[in-house]
Amino acid sequence: MTDARLFLSGNEAVACAAYDAGVMLGTGYPGTPSTEILEHFSALGGKAQWAPNEKVALETAIGAAFGGGRAIATMKHVGLNVAADPFFSVAYIDVTGALIVVSADDPGMSSSQNEQDNRHYAKAAGIPLLEPADSQEAYDFTAKAIAVSERWRIPVLLRLTTRVCHSKSIILRGSPPHPAAAPFFQRDIKGRVMIPANAGGGHRKLRAKLNAIAAWNENSGLNIRIPGDPSLGIVASGIAYMHAREAAPRAGFLKIGMAYPLPVETIRSFVNQAKRAVVIEEGDPWLVEAIRAAGISVEGKAEMYRFGELNVDRVRRILARDSSPEPVRPAGKPPQLCPGCPHRAVFETLRDLDCIVAGDIGCYTLGALPPFEALDSFVCMGASIGTGLGLRHVLPAEQAQRVVSVIGDSTFMHSGITGLVEMVYNPPASGHVVIILDNGTTAMTGLQEHPGTGRTLARKPTEKIIPEDLAKAIGIRRVHVTDPTADRGAFKKILSASLTGRELVLIVVRRPCVLSAKLIREQGGRPPASSASKKP
Amino acid sequence: MKTTNIVIAGLGGQGVLTSSDILAEAAFITGLDVKKSELHGMSQRGASVSSDVRFGRRIFSPMVPQGQADFLMVLEATQVDINRPVLRKDGISITPEQIDKKVLLHHRSLNIALLGALSRHLPDIAEPAWLQAIRAHLPATIRDINIRIFLLARKSDA
């Protein structure tokens, strides 16, 4: 396999490197554009798992690293918000095996609710940051991240973006890094138990590590200098570097591979030798601010280029200091719920009953678009239940009794369960209605398994968590399971009675996603049973 | 050698991504530098989807700049206009109406027929590389019929 020439996506390249490096556990929650990393890692033969959410994924990876195993936790950018609690605290703790956190950011929001720039997390938590620009670097930097993590016993953030994750380019699969040590538990109570008495030392230790890594990064080989015309020197990182190389083929370049801690002296010497020095970066002005904070004078981009993805055309405009309005690309056809999608009957009913719908993340967010226009809010994973309860608490009675929270099965497992607990603990005076749209899969990201499907990431059978049983166990007495596609009248009747019933109600709407049955058959599993009679 | 820029567009589920995978793989097998870019996610739900393939001696950005596509291959007539700005002035469109109905031996093989028509314009990629790429990306049950369709469209004068 050494030096094999392969054509891989950035996600596949990360998986390939993790596999070659003997990573013992890959864990994450599916989310575009990160999902294929664990799927490919599993296909190669690695141990890959979907966790209920990113926080649990990272905590599991931390445990693996405490035990001396190499571990990788993957998530989309907003997933790191969910995992931020362990992310910040583990920075203070010595890991034994490598701990790699992959954040797949989505500038331009091809499939996300925001375009947050997760480079901020590296600086905020004090965790080294590597930014590959293509599949070869995704492969090489994963191996490098493992080496950095084990040398300084520190977690490393590998930040990808949509165009790195989902673009394919050629890689040479190199020799694997030095083999991992065998897992072994070494007690270190002072180092790993973050009570205040220990955490102070942990923070000082972290800053000392970062100083050492910053010095090492000046000659780490991760930051590449490409000589060019001295009239223009470009400092760039990630995919922006590729666009810039094409937009300004004669310029000199300093490509930043490890952006935190920054190789400040390398940047200073590069900038000093250029007549004009410009920072080209996608997203927030993060690099340019860090460079300026070090007392180095560089040119950035106009504010308009903070928004959306960069590309060759936009980099040309930045270099030409052109901030005139950009040409508007014609809008394409928007996505829509599939024909036969079980969500359709639900949203038609919610529309007909004029419900106020606190929504959530999944295909069903498309219920906000015509012909339904029956979804009134969507904030983040799991927010439907909390926002629905908040509306119920403050709205006048006539409106409060029309409020419904709608959440998918995978999203419910991710972060809906605590919302349900809140509903039982602090019930609104008017009661509340939660609808779980259980189509038996994580449909939106491409039909991944979750704790409610009874199958693992590798489509092997496992325990299946039943949402209605869980709801009954925590004290919700009104629990219904129904299939509006098969019997719309029954669903409408249950929902109408529940809205004004002043009780806490959970309605599980169960019918498999029309796309999932075929996939599960192909994978050799059994399609989820529907409560509805099968139609020919 | 000049970089060749190709954009493939259509609607989710039509085989846009499979076609761009085959095209990029054929360039890869030929030994060229190649990059392919696409967007996943929402595009699966019947929405507009497009994929960029670039090959040549050395490729940097994976995305085709506006007005620089040499070829625009479109699987759905409604998607021609919205993608036209990417095509260079004397660029070539490959569209469904250029495909002879007799070539379409299978109802879901428009993408392969269009690739066959496109392949006539790409002298850098030889026939065996195309066939190897098609075999690599299609399941065994539909491989032979698609290779026949590809070759018919490649040789057709349409």
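1. What about the sheet that holds strand E10 (residues 229–237) of chain A?
Residue and element names in this part refer to chain A. Judged by pairing direction, the sheet is mixed, and its 4 strands sit side by side in the order E9-E11-E10-E13 without closing on themselves. Edge strands, defined here as strands with exactly one partner in the open sheet, are strand E9 (224–226) and strand E13 (277–280). Averaged over neighbouring strand pairs, the angle between their axes works out to 20 degrees when direction is ignored. Relative to strand E11 (residues 251–256), E9 runs antiparallel, the two sharing 3 bridges. Along E11, the bridge assignment pairs Ile224 with Lys255.

2. Things to note about the sheet that holds strand E18 (residues 504–510) of chain A
Residue and element names in this part refer to chain A. Overall, parallel pairing links the 5 strands, which are arranged E14-E15-E16-E18-E17 in an open sheet. Whereas interior strands pair on both sides, the edge strands pair on one side only; in this sheet they are strand E14 (356–358) and strand E17 (478–482). On average, adjacent strands in this sheet sit at an angle of 25 degrees to one another, irrespective of strand direction. By the bridge criterion, 3 bridges tie E14 to strand E15 (residues 403–408) in an arrangement that is parallel. By the bridge assignment for E15, Ala358 is matched with Ser405. Here helix H15 (residues 343–352) sits on the sheet in contact with E14, E15, strand E16 (432–438) and E18, set at roughly 155 degrees to E16.

3. With respect to the domain arrangement of chain A
In terms of domains, chain A is made up of domain 1 (4–217), domain 2 (224–319) and domain 3 (343–522). Its C-alpha centre places domain 2 of chain A at a distance of 46 Å from the equivalent point of domain 3 of chain A.

4. Details of helix H7 (residues 135–152) of chain A
An α-helix turns once per 3.6 residues; consequently, residues spaced three or four apart project the same way. Residues and elements named next belong to chain A. Counted at 1.5 Å a residue, the expected span for H7 with its 18 residues is 26 Å, and the 26 Å between its end C-alpha atoms agrees. In terms of burial, H7 is a largely internal element, 13 of the 18 residues being buried. After H7 finishes, the residue Arg153 shows a positive phi value of roughly 55 degrees.

5. Details of the nonpolar core
By size, the foremost hydrophobic cluster in this structure holds 203 residues, and its most contacted members are A:Ala61, A:Ala71, A:Ile100, A:Val102, A:Val235, A:Ile435 and B:Leu114. Per-element accounting of this core gives the leading share, 8 residues, to helix H1 (residues 16–30) of chain B. Those residues in contact with A:Val102 that sit more than four places away from it in its chain are A:Val14, A:Ser34, A:Ile37, A:Ile72, A:Ala73, A:Thr74, A:Leu158 and A:Leu160.

6. Description of the interface of chain A and chain B
Residue-level contacts link 30 residues of chain A with 28 residues of chain B. Broken down by secondary-structure element, the contributors of at least two residues to the side of chain A that touches chain B are helix H8 (162–165), strand E8 (168–173), helix H11 (239–247) and helix H14 (312–319) of chain A. A per-element tally of the side of chain A that touches chain B places H11(A) first, with 4 residues. Among the residues making up the side of chain A that touches chain B, the classes are represented as 12 nonpolar, 11 polar and 7 charged.

7. So, the packing of helix H1 (residues 10–20) of chain A against helix H2 (residues 36–44) of chain A
All names here are of chain A. Across the interface, H1 lies against H2 with an axial gap of 8 Å and an inter-helix angle of 45 degrees. The angle between H1 and H2 places the two elements in the oblique class. Read as a crossing pair, H1 and H2 show a hand that is right-handed. Together, Asn11, Glu12, Val14, Ala15, Cys16, Ala18 and Tyr19 of H1 and Glu36, Ile37, His40, Phe41 and Leu44 of H2 make up the contact between the two elements. Looking at the contact of H1 with H2 residue by residue, the classes come out as 8 nonpolar, 2 polar and 2 charged.

8. As for the pairing of E11(A)
Residue and element names in this part refer to chain A. The element E11 is largely enclosed, with a buried count of 6 among its 6 residues. A two-sided burial pattern is seen for E11, the buried positions comprising Ala251, Phe253 and Lys255 on one face and Gly252, Leu254 and Ile256 on the other. Here E10 runs beside E11; their pairing, made up of 6 bridges, is parallel. In the sheet register, Ile234 faces E11, and the bridge partner there is Phe253. Taking the sense of rotation as the criterion, the β-α-β connection linking E10, H11 and E11 turns out right-handed.

9. Quick notes on unusual backbone geometry
All names here are of chain A. A cis geometry characterises the amide bond from Thr32 onward to Pro33, with omega recorded as 10 degrees. With respect to the helices and strands, Pro33 occurs in the loop between strand E2 (25–28) and H2. Tyr260 connects to Pro261 through a cis peptide bond whose omega is -10 degrees. The topology assignment puts Pro261 in the loop between strand E12 (258–260) and helix H12 (264–272). The phi angle at Arg153 is positive, at roughly 55 degrees, despite the residue not being glycine. With respect to the helices, strands and loops of the structure, Arg153 is situated in the loop between H7 and strand E7 (156–161). Here Arg459, not a glycine, exhibits a phi torsion of approximately 65 degrees, which is positive. Looking at the secondary structure, you find Arg459 in the loop between E16 and helix H20 (467–473). Its 15 C-beta neighbours within 10 Å are what place Arg459 among the partly exposed residues.

10. Considering H1(A)
All names here are of chain A. Buried residues dominate H1, accounting for 11 of its 11 residues. Along H1, the residues classified as buried are Gly10, Asn11, Glu12, Ala13, Val14, Ala15, Cys16, Ala17, Ala18, Tyr19 and Asp20. Backbone geometry just downstream of H1 places Gly22 in the positive-phi region, at approximately 70 degrees.

11. Some words on the confidence of the model for chain A
Confidence in the prediction of chain A, expressed as mean pLDDT, is 94, and 96% of residues score 70 or more. Counting interchain partners and residues more than four positions distant, the pLDDT-below-50 stretch residues 526–536 of chain A has 19 contacts.

12. Regarding the environment of A:Ile476
Residues and elements named next belong to chain A. Examined against the element boundaries, Ile476 turns out to sit in the loop between H20 and E17. Along the primary structure Ile476 and Arg268 are separated by 208 residues, whereas in three dimensions their C-alpha atoms are 62 Å apart. Those residues in contact with Ile476, other than ones at most four positions away along the chain, are Val424, Ala471, Leu504 and Leu506.

13. Topic: the pairing of strand E1 (residues 4–11) of chain B
Residue and element names in this part refer to chain B. Where burial is concerned, most of E1 is hidden: 8 out of the 8 residues are buried. Here E1 shows a buried face lined by Thr4, Ile6, Ile8 and Gly10 and a second buried face lined by Asn5, Val7, Ala9 and Leu11. In terms of strand pairing, E1 meets strand E3 (residues 48–56) through 8 bridges, oriented antiparallel. Counterpart to Asn5 in the pairing with E3 is Arg54. When E1 meets strand E4 (residues 69–74), the two strands line up parallel, connected through 4 bridges. Within the sheet, the bridge partner assigned to Val7 lies in E4 and is Leu72.

14. Observations regarding the environment of B:Pro65
Residue and element names in this part refer to chain B. Considering the arrangement of structural elements, one finds Pro65 in the loop between E3 and E4. By the C-beta count within 10 Å, which is 21 here, Pro65 ends up buried. Remark: the alpha-carbon pair of Pro65 and Ala9, spanning 56 residues in sequence, is separated by 15 Å.

What counts and what doesn't
Residues numbered from 1 in each chain as written. Chains lettered and ligands numbered in written order. Predicted model: local features only at pLDDT ≥ 70, side-chain atom pairs only at ≥ 80, totals over all residues. Pairing = 2+ DSSP bridges. Helix = DSSP H or I, 4+ residues; strand = E, 2+ residues; numbered from the N terminus. Axes fitted to C-alpha atoms, helices over the stretch in contact; angles between N-to-C directions. Contact = placed C-beta atoms within 7 Å. Domains from an automatic or database assignment. Expected span 1.5 Å × (residues − 1). Buried ≥ 20, exposed ≤ 12 C-beta atoms within 10 Å, placed from the backbone. Core = buried A, V, L, I, M, F, W, Y, C linked by C-beta atoms within 7 Å. Nonpolar A, V, L, I, M, F, W, Y, C, P; charged D, E, K, R; others polar. Parallel < 35°, antiparallel > 145°, perpendicular 65-115°, else oblique. Left-handed = near helix turned anticlockwise from the far one by under 90°. Right-handed = clockwise from strand over helix to strand, strands pointing away. pLDDT = per-residue confidence, 0-100.

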